[in-house]
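These are the residues of each chain, in order.
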Amino acid sequence: GTDTTTTKAEKMLVPLQQKRNLITCMYATTIATTIATAGRRRRSSINCVACFVAIVAAIITAPACVHGLLPLRCLPAQVRFSALSRASTGFVTASDAKPRWTTAVAMSTTAGDDPLTSSGLPGPLILGSASFTRKLILKEMGVPFQIIKRPIDEKALGDRCQDAPMDLVLTLAKAKMDHLISEIQAGNCEKELPDGVPSSAVVLTGDQVVTCDGKILEKPETVEEAKQFVSSYGKHPPSTVGSCVLHHIPSGIQVSGVDTATIHFVEAIPEDLIDRLLKEDEPILSCAGGLMVEHPFVKEHIVSIDGTEDSVMGLSKDLVLKLFADLRQKLDAQEEAS
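What counts, and where the lines are drawn
Residue numbers run consecutively from 1 along every chain, following the written order of its sequence. Per-residue local features are limited, in this predicted model, to residues with pLDDT of at least 70; the limit for side-chain atom pairs, both in listing and counting, is 80 or more; totals at the level of whole chains, interfaces and linings are taken over all residues. Remark: hydrogens and water are excluded; side-chain values derive from all non-hydrogen atoms of the structure. Here a strand is any run of E in DSSP of at least two residues, a helix any run of H or I of at least four, and the numbering for each starts at the N terminus. The classification of residues rests on relative accessible area computed with a 1.4 Å probe and restricted to protein chains. Under 20% of the type maximum is buried, over 50% is exposed, and intermediate values are partly exposed. Contact criterion: two residues are considered in contact whenever any of their non-hydrogen atoms come within 4.5 Å of each other. Note that accessible areas follow from Shrake-Rupley with a 1.4 Å probe, and for residues the cover is restricted to the protein chains shown. Lines fitted to the C-alpha atoms define the axes, with helices restricted to the stretch that makes contact. Angles between their N-to-C directions range from 0 to 180 degrees. The scheme is simple: roughly parallel for angles under 35 degrees, roughly antiparallel for over 145, roughly perpendicular for 65 to 115, oblique for anything else. Crossing chirality is assigned from the near helix's rotation relative to the far helix, an anticlockwise turn below a right angle marking it left-handed and a clockwise turn marking it right-handed. Amino acids outside the nonpolar list (Ala, Val, Leu, Ile, Met, Phe, Trp, Tyr, Cys, Pro) and the charged list (Asp, Glu, Lys, Arg) are all regarded as polar, and Gly is one of them.

Helix and strand content of the chain: 11 helices and 9 strands. Going through the 338 residues of the chain one by one, you find that 43% of them count as buried. Long-range contacts, defined as pairs at least 24 residues apart, comprise 72% of the intrachain contacts of the chain with a sequence gap of at least 6. Surface summary for the chain: the accessible area is close to 17,200 Å², and the carbon and sulfur share equals 55%.

Shown next as structure tokens:
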């Protein structure tokens, strides 16, 4: 189906896209008109050539112009997110000094491109997460999913002073998985699973923390804490540590992994950045470390990322695809053993 939700960040990108496409259309139309005018002053054969050029120019530029004038909410969710994540300032390698512009390339995903079923795994995926960005990333990947949220008390698990970040995020993601699976098996998910527990399904949970200057940062509890987090990123590049756990029903086989990325900001991050995001009603308190790298307000202060943007946003596509393959391999090995 089509996701009709339009975020504020998307609304900011629409005028920019419209301007580029309208300028392209106007430029081509001006050239065609000039040729046609010259043709009328000479002979009829040039007129024919001029008309042909004008028609070709109109055919080439019209789709781009129309695409720019269409609001992003009219596009499938995976296309919208592709435009959102690529149309603003792009990310560069650590060797580059400044951010560079990345052209928006909106690529739709067909059912045949679904990496879950292509891996021989049952769909739709059961996503045990309330994360907005994880939903967007799965949509961009073309993975069909349904959401079942069963939160746990994360603060009661792990030791933020003693545990390594990778160990902590795996502990939390596995605890989320254990709780969700027990809820599903106990029949406490009738609203999300009206037909009962599926005979075969894959469940995904994850967790993420931000590390900065040797400290583990989770979701900020207050606006002031979010400001403290972000103000330190210019001098101490933050790193994201994200985990992903897959569980197969009914075999109980689990696979898991962790992915990391480091974000390099300009040294002087504006003090009002968090206030600007809050004015846009952005869920800054729901993001680990108060990081929203996908938002244009934040992107303009990023120099480079060591890693991938989707990993920073909370779910590494490469890790998900690897775990799909690992899970399929373990299922095949179990079938061969039996």
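Having seen the model, we can carry on.
Now for unusual backbone geometry. Cis geometry is found at the peptide bond from G123 to P124, where omega equals 0 degrees. Mapped onto the fold, P124 is located in the loop between α4 (115-118) and β3 (125-127). Residues I249 and P250 are joined by a peptide bond in cis, for which omega reads 15 degrees. Mapped onto the fold, P250 is located in the loop between β7 (239-249) and β8 (254-265). Here D213, not a glycine, exhibits a phi torsion of approximately 55 degrees, which is positive. Tracing the sequence through the fold places D213 in the loop between β5 (201-212) and β6 (215-217). Its identity is not glycine, yet D281 carries a phi of approximately 60 degrees, on the positive side.

Closest axis-to-axis distance for the helix α5 (residues 132-141)/helix α11 (residues 317-337) pair is 11 Å, and the angle between their directions is 65 degrees. One way to sum up the angle between α5 and α11 is to call them roughly perpendicular. Here α5 runs over α11; the crossing is right-handed. Packed against α5, whose contacting residues are I137, E140 and M141, the element α11 presents K317, V320 and L321 at the interface. Class assignment for the residues of the contact of α5 with α11 results in 4 nonpolar, no polar and 2 charged.

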